[in-house]
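# Structural overview for review
Spelled out from the first residue to the last, the chains are:
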Amino acid sequence: MKNLFLHIALFFSLVCFSQNEQLAQYYFDKGDFEKAKISFEELLKNQPSNSQYFQRTIDCYQQLQQFDLAEKAIRERLDKYKQGNLMVELGYNFQLQKNEASAKKQYDEAIQRIKNNPNEVYGIANSFERKALLEYALKSYQTATALQPNFNFNYQMALLYGQLGKTEMMISTFLDEAYANPQNSIQIQNQLARFIVEDGDENFNETLRKSLITRAQKNQDVFWNEYLSWYYVQQKEFGKAFIQEKAVYKRNPESLSSIINLAQLTIEENDAETAKEILGFVLENTNDLELLIQANSYLIEMKTDKVQEKDFAAINTELSALLNQFGISPFTLSLQLIQAHFVAFNLRKPEVGKATIKKALELQLNDYQEAQAKMELADILLFEGKFNQALIYYSQIEENLKNDAVAHEASLKAAKTSYFQGDFVWALKQFKELKSASTQLIANDALEYFLLINDNTVADSTQTALKQFAKGDYLLYQKRNQEAIAQFQSILKSFKGEQIEALTLLRLGKIHEKQGEYNLALAQYQNIITQHSAGIYIDEALYFSADIYNNTLQQPDKAKPLYEKIIFNHQDSIYFVEARKKYRQLRGDKEL
């Protein structure tokens, strides 16, 4: 019984103590430092060795400008625990009082402690970093490594160089560490990628490129070719990345997986010509059945995406030939699904497409392959207007692969199905949930439709225009482009000046652009620029117009001012970084 009461007492004591800590932190976060001080002093009294409570107590003293109390507490703790980081705390207390000489003395003594005992670097360097005393933190690491060469603080030192604006030293130190400890390479690449984005030092990209090339020339290790490939991918210079990957493969021809991954990324970034070159290289250099099928699948899928009606028969013949070559098996599922989609959506023979998929579902497929087949089957059912049947298959995928990227894709398609049906309440709920999806493309797509439904419901509670717009989007899904154009033009006539107008112009622009009717596309975008300059689609109209002039019509003089408008007037645009990069290229900047 005594033990029971003891346990109960200890339990309530711990609960009470935890509540006191939360209350103390609440006062501190709120800025009520007088109450926070009293609370943390009480906590520290009960747990004198707790460094967190001690630090918070000192913080409160300093916030209240009670520097004498802080100094007394720090010195007493220093005498008791002999910790070098407390010298940093004491120095910082002097610094807050503008007593630079005394502060420097304490900081120098802290460095001396490292010289006497290099193991003290951990606490001292950390204290310097927390106080934003970056030069002293760097000196701490340098001092320790000079005395103990087996210490490795390259990563921490590189971060400090970056914070201090010493770009070359940061790059050099990071690359040294990456080469010495390849297991840290991804972590280092993530840090470098933060600087590669053009919000930072304009010279950074060029400095990193030169440093990598120099190392690749001096040291023939493929490690540097792989790093250069990674760098060029960040720059979206996929052709240059491919050159590096070929160099890696020639010295280590065991695997083409990284080259296949590069091809996939290149396709996603719409660099079709480079993708074809990469996939051609794969086909020339492998007899591996899986790789041959994968490469051929990517190539034929690129052809089907851009195919003109006059080439339909040739594409279908090519698909049939590939399946005859490789056979019907789980290995060729990708080719079977591409053919089913092409037959249903392009040749407009959905029954034939469905039969192909149902035959594929009889094969010994794994869960992901089965999900892919069911996804295509649902897509074709949606094409036919069999909304409820499509939803059943999308739901099965969501249920079987919960929280997977494939399940999120099925959820997005289910939401679009509800949208096409005009069930905007349910669709809005689904799109809202998918806005936070882990896959960025799905999250962006969901956000676009969420805003479309939400904004146009607020503007028109009857949702009349939205229903007409959803009908146009469904025609687009069915690849009935001319009917979709007529539908969207009808919306422009019926709802002129209303919320839906700008987005309708944008849809028309993208349709004309995809069909190669660039002047018609530019006309739609120009309407947005002139008539809806204060709207949310202005940056897209500017960027799409600039890209047509720059990439397709080869009229850079017309593209340049459009990119410039995004840079100066739409800094929050998702196209801002790319617009700035392309503007600098057109301006002839040597360092991008």
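Being a predicted model, the structure only gives us computed values, none of them experimental.

Conventions adopted
Residues numbered from 1 in each chain as written. Predicted model: local features only at pLDDT ≥ 70, side-chain atom pairs only at ≥ 80, totals over all residues. Heavy atoms only, no water. Helix = DSSP H or I, 4+ residues; strand = E, 2+ residues; numbered from the N terminus. Rg over C-alpha atoms; globule rule 2.2 N^0.38 Å. Buried < 20%, exposed > 50% of the residue type's maximum accessible area, 1.4 Å probe, protein only. Areas by Shrake-Rupley, 256 points an atom, 1.4 Å probe, with all protein chains shown as cover. Lys, Arg positive; Asp, Glu negative; His and termini not counted. Charge placed at Lys NZ, Arg CZ, Asp CG, Glu CD. 1 Å grid on protein atoms, 1.4 Å probe; cavity = no way out; pocket = protein on both sides within 12 Å on 5 of 7 lines; lining within 4 Å. Points joined across faces, edges and corners; volume = space filled by probe spheres on them. Nonpolar A, V, L, I, M, F, W, Y, C, P; charged D, E, K, R; others polar. Expected span 1.5 Å × (residues − 1). Arc of directions from axis to C-beta. Contact = heavy atoms within 4.5 Å. Core = buried A, V, L, I, M, F, W, Y, C linked by side-chain atoms within 4.5 Å. Axes fitted to C-alpha atoms, helices over the stretch in contact; angles between N-to-C directions. Left-handed = near helix turned anticlockwise from the far one by under 90°. Parallel < 35°, antiparallel > 145°, perpendicular 65-115°, else oblique. Salt bridge = Lys/Arg side-chain N within 4 Å of Asp/Glu carboxyl O. Polar contact = N/O pair within 3.5 Å; in protein donor to acceptor, adjacent residues only side chain to side chain.

### Overview of the overall build of the chain
The number of helices and strands found in the chain is 32 helices and 0 strands. Taken over the C-alpha trace, the chain has a radius of gyration of 31 Å; the compact-globule value for 592 residues is 25 Å, which it surpasses by more than 25%. Burial statistics for the chain: of 592 residues in total, 47% are counted as buried. As presented, the chain carries roughly 31200 Å² of accessible surface, and 49% of it is formed by carbon and sulfur atoms. Side-chain charges in the chain split into 65 positive and 76 negative, and the spacing between the mean points of these groups amounts to 2 Å.

### A few points about the layout of surface pockets
Here the second largest pocket is characterised by a volume of approximately 320 Å³. Taken together, 15 residues make up the lining of the second largest pocket; nearest its centre are Leu44, Phe54, Tyr61, Ala73 and Glu76. Elements represented by at least two residues in the lining of the second largest pocket include exactly α2 (33-46), α3 (51-63) and α4 (67-81). Residue composition of the lining of the second largest pocket, grouped by class: 8 nonpolar, 1 polar and 6 charged.

### Overview of helix α18 (residues 312-326)
Across its 15 residues, α18 extends 21 Å between first and last C-alpha, which sits within 8% of the 21 Å expected from 1.5 Å per residue. What α18 keeps buried is the set Phe312, Ile315, Leu319, Leu322, Leu323 and Phe326. Taken down its axis, α18 places every buried residue within 95 degrees of arc, on the same side. Pointing more than 90 degrees away from the buried face of α18 are the exposed residues Ala313, Thr317, Asn324 and Gln325. Buried residues in α18 make contact with α17 (289-306) and α19 (333-346).

### With respect to the nonpolar core
In terms of nonpolar packing, the biggest core is built from 85 residues, with Phe128, Leu192, Leu208 and Tyr227 touching the most fellow members. Element by element, the count of residues in this core is highest for helix α13 (residues 222-234), at 8 residues. With residues near it in sequence (within four places) discarded, Phe128 still touches Val88, Tyr107, Ala110, Ile111, Leu133, Tyr136, Ala137 and Ser140. Phe345, Tyr419, Ile511 and Ile566 belong to the second-largest nonpolar core, a separate cluster that totals 84 residues.

### Looking at the packing of helix α11 (residues 185-196) against α13
When two helices pack together, their arrangement is given by the angle between the helix axes and the distance between those axes. Their axes nearest at 11 Å, the elements α11 and α13 cross at an angle of 35 degrees. Regarding α11 and α13, the two cross each other, and that crossing is right-handed. Two secondary-structure elements touch here, α11 through Ser185, Ile188, Gln189, Leu192, Ala193 and Ile196 and α13 through Phe223, Tyr227, Trp230, Tyr231 and Gln234. Each residue belonging to the contact of α11 with α13 can be placed in one class, and the counts come to 8 nonpolar, 3 polar and no charged.

### Structural notes on the packing of helix α25 (residues 440-459) against helix α26 (residues 464-477)
Contact pair α25 / α26: the axes reach a minimum separation of 10 Å and the direction vectors enclose 155 degrees. As judged from the angle between their axes, α25 and α26 are roughly antiparallel. Across from Tyr449, Leu452, Ile453, Asn456 and Thr457 in α25, the residues of α26 making contact are Leu466, Phe469 and Asp473. Of the residues contributing to the contact of α25 with α26, the split by class is 5 nonpolar, 2 polar and 1 charged.

### Brief notes about the environment of Gln25
Locating Gln25 in the fold gives a position in helix α1 (residues 2-30). Accessibility expressed as a relative area gives 23% for Gln25, which makes it partly exposed. Measuring from C-alpha to C-alpha, the distance between Gln25 and Ala534 comes to 45 Å, with 509 residues separating the pair along the chain. Other than its neighbours up to four places away in sequence, Gln25 contacts Phe40 and Arg56.

### Focus on the pattern of salt bridges
Under the defined criterion, the tally for this structure stands at 34 salt bridges. Salt-bridge contacts for Lys276 lead to Glu273; the nearest nitrogen and oxygen are separated by 3.7 Å. Within this pair, Lys276 and its partner Glu273 are both found in helix α16 (residues 272-284), separated by 3 residues, close to a single helical turn. Taking the shortest distance from any N to any O, the salt bridge between Asp473 and Arg507 comes out at 2.7 Å. Of this pair, Asp473 sits in helix α26 while Arg507 sits in helix α28 (residues 500-514), and the two are 34 residues apart along the sequence. The same class applies to Asp473 as to Arg507, namely buried.

### Thoughts on the side chain of Gln478
On the secondary structure map, Gln478 appears in the loop between α26 and α27 (481-494). Excluding its chain neighbours within four sequence positions, the residues that come into contact with Gln478 are Phe345, Arg348 and Phe383.

### Some thoughts on the side chain of Ser297
Mapping Ser297 onto the fold places it in helix α17. By relative accessible area, Ser297 is classed as buried at 5%. Only 2.7 Å separates the side chain of Ser297 from the backbone oxygen of Ile293, close enough to count as a polar contact. Contacts of Ser297, omitting those with residues within four sequence positions, involve Ser334, Leu335 and Ile338.

### Describing empty space enclosed by the protein
Using the criterion set out here, one finds 3 cavities of 30 Å³ or more in the structure. Of the volumes computed, that of the largest cavity is approximately 50 Å³. Forming the walls of the largest cavity are Asn456, Ala459, Asp460, Ala465, Leu466, Glu498, Gln499 and Ile500. Looking at the lining of the largest cavity, the elements with two or more residues in it are α25 and α26. When the residues that make up the lining of the largest cavity are grouped by side-chain class, the tally is 4 nonpolar, 2 polar and 2 charged.

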